[in-house]
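The residues making up each chain are set out below.
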Amino acid sequence: MASGFDDSSPVLDFLEFVERQPQQSVRQLLDKILLKSRMITGAEAGTVFIVRRKGQQRWLQPASMQNERIRPKLRDLVVPITAKTIAGYVAGAGEAVRLDDVYAIPPDRPFSFNPQNELKGYRTVSMLAFPLKNYQDQVIGVVQLINRRQPALPEPVPFEAEQTRLVTPIARAIATHIERADMLERIREQNVKLHQRNRELAEQRAQVVALQGETEEAFMLSINLLARAAEIHDEETGNHILRVNEYSYFLARELDMPASFCDEIRYSAQLHDVGKMSINTAILTKRGKLTPEERAEMDRHPHYGHQILAHSPRLTLAAEIAYCHHEKWDGSGYPRQLQGEAIPISARIVALADVYDALRSARPYKPAFSHERTVEIILQGDERIEPRRHFDPKLIQLFGEQHAGMAAIYQRLKD
Ligand SMILES: [Fe+2]
Ligand SMILES: [Fe+2]
């Protein structure tokens, strides 16, 4: 083994050994490369330096260090790439250096050995230092082998000139693998950072979603309380407002309205009578017939509702519903006598939902009607309701086909 580079088998051996472990870290790879280099050449110690760069600056940094005699620690050593140091010269010139005794370097060489770099209790004699070049001929590192040993000889012996010549293909193969491993490692590090960043982002998102959830819940609660507050003096109580929400959602879905509209009408419908909050309690609670003035004031509740709700962008639909839920298809409704499709579809839906629920519920002046009787009234009319004049014909037709869905909601949410 110590005789080293006698044929090409060490090169193949080397490549095979590196290929076997494509996933290892650069550090592990360098440790093994150094160990293998030492075994092949008989070197007792060695260091692998890697070229580091930052902008225009380049320097060498020891990345692996081995010694049979003493246990070296990888020092925070920085070797400038200049001709003055051995490793720096090898990196800069891109050529190997072989020295029989580092303390007796021929005077024509530009570099010298710095005894301060000697590990404690150790003496460097012979050295073989060669560059690690990639296929673009760039030096990416330097391998420095120290003190070649031969069995039975007490002192280190010089490296052979032959060994210098033979390291070139190995060095190239090593360099390529180091570069690849270094690249993989950097990609892996980037991946770890990306994963970390993703985790952080996911956490932040979860917090935002939780906060949004809380805000949304608070919003829903507020408008439900508002709707309940408005009906406090009303004959419509209990789950009326919740059922109107659900009927409206059901009808909107059956009409194939956009999902956002369906979601919005589901919480907006309950606010249709919110304007009643602005009506004098005496009028709201009065038993018996209202005077024309009182009736006029009562009929202003759509207007008041619109005023209460119009300020919030999330309540635009609710404001529209409040304003228009007493309009009738033929223009005989109030407050603006809107006609046909001039009445917003949201309000047309809620008007039908509101009437269905009023018919199903008991009132001081009427009993609760069955679903069948209610369907009959909405489709055929009675003394108070004229469906063709009051409702959107398209909605009446839909109701005629899908009224079972309305009955199911009533059953589910009945008081
Ligand atoms: Fe109303
Ligand atoms: Fe109502």
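Here the structure is a predicted model, which means the values were calculated and not measured.

Quick word on the packing of aromatic side chains
- Evaluation of the coordinates by the stated rule reveals five aromatic pairs.
- Relative to Tyr-267, the ring of Phe-219 has its centre 5.5 Å away and its plane inclined at 85°; by these criteria the two rings are edge-to-face. Here Tyr-267 lies in helix α6 (residues 259–268) and Phe-219 lies in helix α4 (residues 161–230), a separation of 48 residues in the sequence.
- In this structure an aromatic cluster arises from ring pairing among Tyr-247, Tyr-356 and Phe-399.
- A cation over a ring is seen here: Arg-266 above Tyr-249, with NZ or CZ 3.9 Å from the ring centre.
- The residue whose ring lies beneath Arg-336 is Tyr-323, and the NZ or CZ to ring-centre distance is 3.8 Å.

Notes on the domain arrangement of the protein chain
- Taken domain by domain, the protein chain comprises domain 1 (9–185) and domain 2 (216–413).
- Centre-to-centre, using C-alpha coordinates, domain 1 lies 87 Å away from domain 2.

Focus: the coordination of the iron ion (ligand 1)
- The protein atoms donating to the iron ion (ligand 1) are Asp-273 (OD), His-301 (NE2), His-325 (NE2) and His-326 (NE2), with metal-donor distances spanning 1.9 to 2.3 Å.
- One way to put it: the four donor atoms around the iron ion (ligand 1) meet at angles of 81 to 167°, and that makes the site irregular.
- The distance between the iron ion (ligand 1) and the iron ion (ligand 2) comes to 5.6 Å. One end of the pair, Asp-273, is in the loop between α6 and α7 (281–285); the other, His-301, is in helix α9 (residues 301–309), and 28 residues separate them in sequence. Per residue, the accessibility class of Asp-273 equals that of His-301, and both read buried.

Thresholds, definitions, all that
- Residues numbered from 1 in each chain as written.
- Chains lettered and ligands numbered in written order.
- Predicted model: local features only at pLDDT ≥ 70, side-chain atom pairs only at ≥ 80, totals over all residues.
- Heavy atoms only, no water.
- Phe/Tyr/Trp six-rings, centres within 6.5 Å; stacked < 30°, edge-to-face > 60°.
- Helix = DSSP H or I, 4+ residues; strand = E, 2+ residues; numbered from the N terminus.
- Lys NZ or Arg CZ within 6 Å of the ring centre and 35° of its normal.
- Domains from an automatic or database assignment.
- Donors = N, O, S within 2.8 Å, 3.2 Å for Na, K, Ca; no water.
- Tetrahedral: all angles 85-135°; square planar, octahedral: opposite > 155°, others 65-115°.
- Buried < 20%, exposed > 50% of the residue type's maximum accessible area, 1.4 Å probe, protein only.

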